[in-house]
Amino acid sequence: MSGSANNDWNPGAYNRFRDLRLRPALDLIAAVGQVPQGTVVDLGCGAGAAGDALRARFGARICGVDLSPAMLSQAEQTGAYEGLSQADMATWAPDAPPALIFSNAALHWVADHAQVMPRLAGSLAKGGTLAVQIPHQNNAPSHRLWTSLMGEHFAGRVDLEAGPRALEPAQYYHMLEPLGDLTLWETDYYQLLPNSDDGHPVRRFTESTFAKPLLDALEDAERAHLIQSYEAAAAKIYPADAQGRVLFPFKRLFFTLTV
């Protein structure tokens, strides 16, 4: 994940929906076949939610890489990692070719996938695998609402094109298929978000990830205004049931590439 000492991620906010965020990681782990002996890298490991599952599945040396000090501190407490490194995913390179580079819901924060993905694949050991999951939700109302409201109320405060991004599936296919054995798929997860006493569940789910750079750019009163506007619109698009729960479809894109 991206982050800095002055504008870091909040592990508590991110982990609010930990189980829902973990399921795609487990699905990605299950899709990886045999890998050669060597290091498994959890690239963009965040708070280390996938660390134990990676160790159980591969029984290998698990190393985590993330830019956020707060997230790395949480990952260290899991005890799943033999090594943790603070580094930017956009420029990170392994010291030795790893058996597996696993990245769950992280690389959408990195620009220029046409350069980054082949570079990561090229760093693998022979027979190694690049396994990636990225949210593919930018065109859904949950995400478009944030950017449209930000543009309407606070135009020019942030570059709305610089946030998390993903290419279309066909673009990844044509980019990666020549490099090895590629499997590519998308999954829509229908997530039942629980009732929240402090805001609409979809707002709570998205504010600690996609919307974080937007909210971080605002003063407190401005942030409250944007949240209020988002909640009013989200309540119409994602209505709650009698128990205050919201069924929230969320699309994710996956691929595994074995070289």
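Everything below is about the structure printed above this text.
Here goes a summary of the coordinates provided. The structure displayed is predicted, hence computed values, not measured ones. Throughout, a residue's number is its position along its own chain's written sequence, starting from 1. pLDDT decides what is reported in this predicted model: residues at 70 or higher carry local features, side-chain atom pairs at 80 or more are listed and counted, and totals for whole chains, interfaces and linings draw on all residues regardless. Excluding hydrogens and water, the side-chain figures rest on all heavy atoms present in the structure.

### Some words on the packing of aromatic side chains
Item 1. Between rings of Phe, Tyr and Trp, where Trp is taken as its six-membered ring, a pair exists when centres lie within 6.5 Å; planes separated by under 30 degrees are stacked, by over 60 edge-to-face, and by other angles tilted. The full count for this structure, using the stated rule, is 8 aromatic pairs.
Item 2. Ring geometry for W185 versus F254: centroids 5.0 Å apart, planes at 5°, classification stacked. On the criterion of sequence distance, the pair formed by W185 in strand β6 (residues 181–193) and F254 in strand β7 (residues 246–258) is long-range, its members being 69 residues apart.
Item 3. W185 sits in the partly exposed class, given a relative accessible area of 24%.
Item 4. Three or more aromatic residues link up through ring pairs in this structure, and these residues are F205, Y238, F248 and F250.
Item 5. Each ring is checked for a lysine NZ or an arginine CZ that lies within 6 Å of its centre and within 35 degrees of its normal; such an atom marks a charge sitting over the ring. Across from the ring centre of F205, 4.3 Å away, lies the NZ or CZ of R21, which sits over that ring. Helical segments are the DSSP runs of H or I of at least four residues, strand segments are the runs of E of at least two, and each set is numbered from the N terminus. Summary of the burial criterion: residues with accessible area below 20% of their type's maximum are buried, those above 50% are exposed, and those between are partly exposed, where the area comes from a 1.4 Å probe applied to protein chains only.

### Focus on the pairing of strand β4 (residues 100–104)
Item 1. Burial analysis of β4 places 5 of its 5 residues in the buried class, the great majority of the element.
Item 2. The alternating pattern of β4 places L100, F102 and N104 on one face and I101 and S103 on the opposite face, and all of these are buried.
Item 3. Pairing between β4 and strand β5 (residues 129–135): 5 bridges, direction parallel. Bridging from a neighbouring strand, L100 pairs with T129 of β5. By this definition, two strands are paired if DSSP reports at least two bridges between them.

### Structural notes on the state of the cysteines
By definition, a disulfide links two cysteine residues through a covalent bond between their sulfur atoms.
Item 1. The term disulfide is used for any two cysteine sulfur atoms that are within 2.5 Å. For the coordinates displayed, the defined rule picks out 0 disulfides.
Item 2. In this model C45 remains outside any disulfide bridge; the closest cysteine sulfur is found in C63, 10 Å from its own.
Item 3. Taking the relative accessible area as the measure of exposure, C45 reaches 7% and is therefore buried.
Item 4. Residue classification places C63 among the buried positions, given a relative accessible area of 12%.

### Brief notes about the pattern of salt bridges
Item 1. Here, a salt bridge means any side-chain nitrogen of Lys or Arg that lies within 4 Å of a carboxyl oxygen of Asp or Glu. Scanning the model with the defined rule gives 11 salt bridges in all.
Item 2. Among the ionic pairs, R203 bridges to E231, the shortest N-O distance being 2.6 Å. Of this pair, R203 sits in helix α8 (residues 201–207) while E231 sits in helix α10 (residues 220–237); the two residues are 28 residues apart in sequence, bridging distant segments of the chain.
Item 3. Among the charged side chains, a salt-bridge network with shared partners connects D198, R203, R204, E207 and E231.

These results come straight from atomic positions and should not be treated as a statement about function.
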